[in-house]
Amino acid sequence: MEKKTVAVIFGGASSEHEVSLRSVVSVLQNIPRDRYNTVTVGITKNGRWLYYDGELEGISDGSWKERGATAFLSPDSGIHGLVVLQDGGYKIIRVDAVFPVLHGKNGEDGTIQGLLEMAGIPFVGCDCLASAACMDKCVTHTILDNAQIPTARWCEVRKNQMGDFPEVEQKIRKKLGYPVFVKPANAGSSVGVSKARSFGELEEALKLAFQHDRKAVVEETIVGKEVECAVLGNGDPFASVIGEIEPVRELYDYEGKYLDGSTNLYIPARIPEEVAEEIRRIAVKAYRAIGCEGFSRVDFFARADGSIILNEINTIPGFTSISMYPKLMEASGVPYPELIDRLIRLGIQRAEEQ
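Numbering of residues starts from 1 in every chain and runs along the sequence as written. Since the coordinates come from a predicted model, pLDDT governs what is reported: local features require at least 70, and pairs of side-chain atoms require 80 or more to be given and counted, while whole-chain, interface and lining totals use all residues. Side-chain figures throughout are based on the complete set of non-hydrogen atoms in the structure, without hydrogens or water.

1. Re the sheet that holds strand E11 (residues 215–220)
Alright, step 1. Strands are labelled as partners when DSSP assigns at least two bridges between them. Numbering goes from the N terminus for both helices and strands, where a helix is a DSSP run of H or I of at least four residues and a strand is a run of E of at least two. Read across the open sheet, the four strands follow the order E8-E11-E9-E10; overall the sheet is antiparallel. Among the strands making up the open sheet, the edge pair consists of strand E8 (154–158) and strand E10 (194–196). Taken over all neighbouring pairs, the strand axes of this sheet differ in orientation by 30 degrees on average, direction set aside.
Alright, step 2. When E8 meets E11, the two strands line up antiparallel, connected through five bridges. Its bridge partner being in E11, Val157 is matched across the sheet by Ala216.
Alright, step 3. Set on the sheet, helix H6 (residues 137–146) makes contact with E8, strand E9 (180–184) and E11; between it and E11 the angle comes to about 50 degrees. To obtain each axis, a line is fitted to C-alpha atoms, and for helices this fit is confined to the stretch in contact; angles are then taken between N-to-C directions over 0 to 180 degrees. We call two residues contacting when some pair of their heavy atoms lies within 4.5 Å.

Shown next as structure tokens:
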């Protein structure tokens, strides 16, 4: 079988830039080299696109930013790939598919997916619409509420409403009570998330959230085990075994996820099998309701009374060496290299069916 050429894009002008660097190293270490040639493009924090053909260590130590050549994805479907500026001229690298190993803004929110759809290039993961819907927590809540999938009670707050904060606070207090969790509507990896127990804490929590987005979602506090399900597939998705996260910190925040190891992981989760089966069922239902394809990680709370609350859907979950998505798939019989192969083939298959 002739090898396919896959452009792997990492970094990004996002608060999750560093997570992407860790994820892409793992992806490049595990992609089946007997089936795929790779072309690597890094996006700096200020949005520069750089073609990088050096060693993996250059990604880890940051030297790719000095050694890379300016490049961009052309929206021209005739080019079907990258334009790289080198030595006063340019070269075109045609690719068969793109794997966007990007988290957060401009990676999971449908923007790069829209560019790839314009260019006619197959890509890994959800399409433009599903990516945008899952990235915006208010839109996610609205769709899941309509699909009768249980989520936390919630309120939307926009930055321009802060001039009437006492009125906003009263509405939230009456509907949700304290404590509440405050999140930027469009951010991932718990960036900008905090817990508020009072009028003053809610005001500060919203100010923090508005550093990352113009819109915030405020949710009731749910007490339960934090569990996750990895979903893989297009029209007939497969749900993994369930994993459990036990944060040492009060919040399963960015540092706990990626930096200080202050989180215990259990695969399978310490929950009854009937609860795990119901989580798998709801994960697939939510995946389909929003129109996800390729892969997503669906996060839940499993409460002591056996009820289940869906927390969020991540359309490009972490792919680091300690990330839950590849761990859950491996525990379900899909090792990391095979997982990457399946993801690429799913992206190509979707493009061929359109």
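2. Details of the sheet that holds strand E4 (residues 69–73)
Backbone-to-backbone hydrogen bonds join strands into a sheet, with any given pair of strands oriented parallel or antiparallel.
Alright, step 1. Across the sheet, which stays open at both edges, the seven strands sit in the order E6-E5-E4-E3-E2-E1-E7 with mixed pairing between neighbours. Bordering the open sheet on either side are strand E6 (89–94) and strand E7 (97–102), each of which pairs with just one other strand. When strand polarity is set aside, the average angle formed by the axes of neighbouring strands in this sheet is 35 degrees.
Alright, step 2. Pairing between E4 and strand E5 (residues 81–86): three bridges, direction antiparallel. Bridge assignment links Phe72 to a residue of E5, and that residue is Val83.
Alright, step 3. The sheet contacts of helix H4 (residues 111–119) involve strand E1 (4–11), strand E3 (49–52), E4 and E7, and relative to E7 the element is tilted by about 170 degrees.
Alright, step 4. Helix-sheet contacts for helix H12 (residues 336–353) involve E1, strand E2 (36–43) and E7, and the interaxial angle to E7 is about 120 degrees.

3. Quick look at a nonpolar patch on the surface
Alright, step 1. Nonpolar side chains (Val, Leu, Ile, Met, Phe, Trp, Tyr) within 5 Å and like charges within 9 Å form the patches, drawn only from residues with over 30% relative accessible area and no salt bridge. To measure how exposed things are, a 1.4 Å probe is used in the Shrake-Rupley method; for residues, cover is taken only from the protein chains shown. Take a side-chain nitrogen of Lys or Arg and a carboxyl oxygen of Asp or Glu: if they are within 4 Å of each other, that pair is a salt bridge. Among the surface-exposed residues, Phe72, Leu85, Tyr90 and Ile92 lie close enough to one another that they form a single nonpolar patch of about 420 Å² accessible area.
Alright, step 2. Mapping Tyr90 onto the fold places it in strand E6.
Alright, step 3. Exposure classes here rest on a 1.4 Å probe applied to the protein chains alone. A residue is buried below 20% of its type maximum, exposed above 50%, and partly exposed in between. Given a relative accessible area of 60%, Tyr90 falls into the exposed group.

4. Here's the deal with the packing of helix H5 (residues 128–135) against H6
Alright, step 1. Two numbers describe how H5 lies on H6: the axes approach to 5 Å, and their chain directions differ by 100 degrees. Compared by their axis directions, H5 and H6 come out roughly perpendicular. Mapping the contact onto sequence places Ala133, Cys134 and Met135 in H5 and Lys137, Val139, Thr140 and Ile143 in H6.
Alright, step 2. Charged residues are taken to be Asp, Glu, Lys and Arg, nonpolar residues to be Ala, Val, Leu, Ile, Met, Phe, Trp, Tyr, Cys and Pro, and polar residues to be all remaining types, Gly included. Here the residues of the contact of H5 with H6 are counted per class, giving five nonpolar, one polar and one charged. Any angle from 65 to 115 degrees is called roughly perpendicular, while one under 35 is roughly parallel, one over 145 is roughly antiparallel, and all others are oblique.

5. A short note on the nonpolar core
Alright, step 1. Residues grouped as a nonpolar core are buried Ala, Val, Leu, Ile, Met, Phe, Trp, Tyr and Cys residues, joined through side-chain atoms within 4.5 Å. Judged by nonpolar contacts, the single largest core of 36 residues is most densely connected at Ile59, Phe99 and Ile344.
Alright, step 2. Listing elements by their share of this core, those giving two or more residues are E1, helix H1 (17–30), E3, E7, strand E12 (225–233), helix H11 (324–331) and H12.
Alright, step 3. Ranked by residue count, the leading element in this core is H12, at seven residues.
Alright, step 4. Residue contacts for Ile344: discarding those within four places in its chain leaves Val6, Ile31, Tyr36, Ala97 and Val124.
Alright, step 5. Core analysis: the second largest hydrophobic core is formed by 29 residues, Cys126, Ala130, Val231 and Val298 among them.

6. Digging into unusual backbone geometry
Glycine aside, residues mostly have negative phi, and peptide bonds are mostly found in the trans state.
Alright, step 1. The amide bond that connects Tyr178 to the next residue, Pro179, takes the cis arrangement and shows omega of -5 degrees.
Alright, step 2. Within the element layout of this structure, Pro179 appears in the loop between helix H7 (165–176) and E9.
Alright, step 3. Cis geometry marks the peptide bond from Ile267 to Pro268; its omega dihedral reads 5 degrees.
Alright, step 4. Along the polypeptide, Pro268 turns up in the loop between strand E14 (263–266) and helix H10 (273–290).
Alright, step 5. With a phi angle near 50 degrees, Asp87 is a residue other than glycine that sits in the positive phi range.
Alright, step 6. With respect to the secondary-structure elements, Asp87 resides in the loop between E5 and E6.

All quantities given are derived from atomic positions and should not be read as evidence of function.
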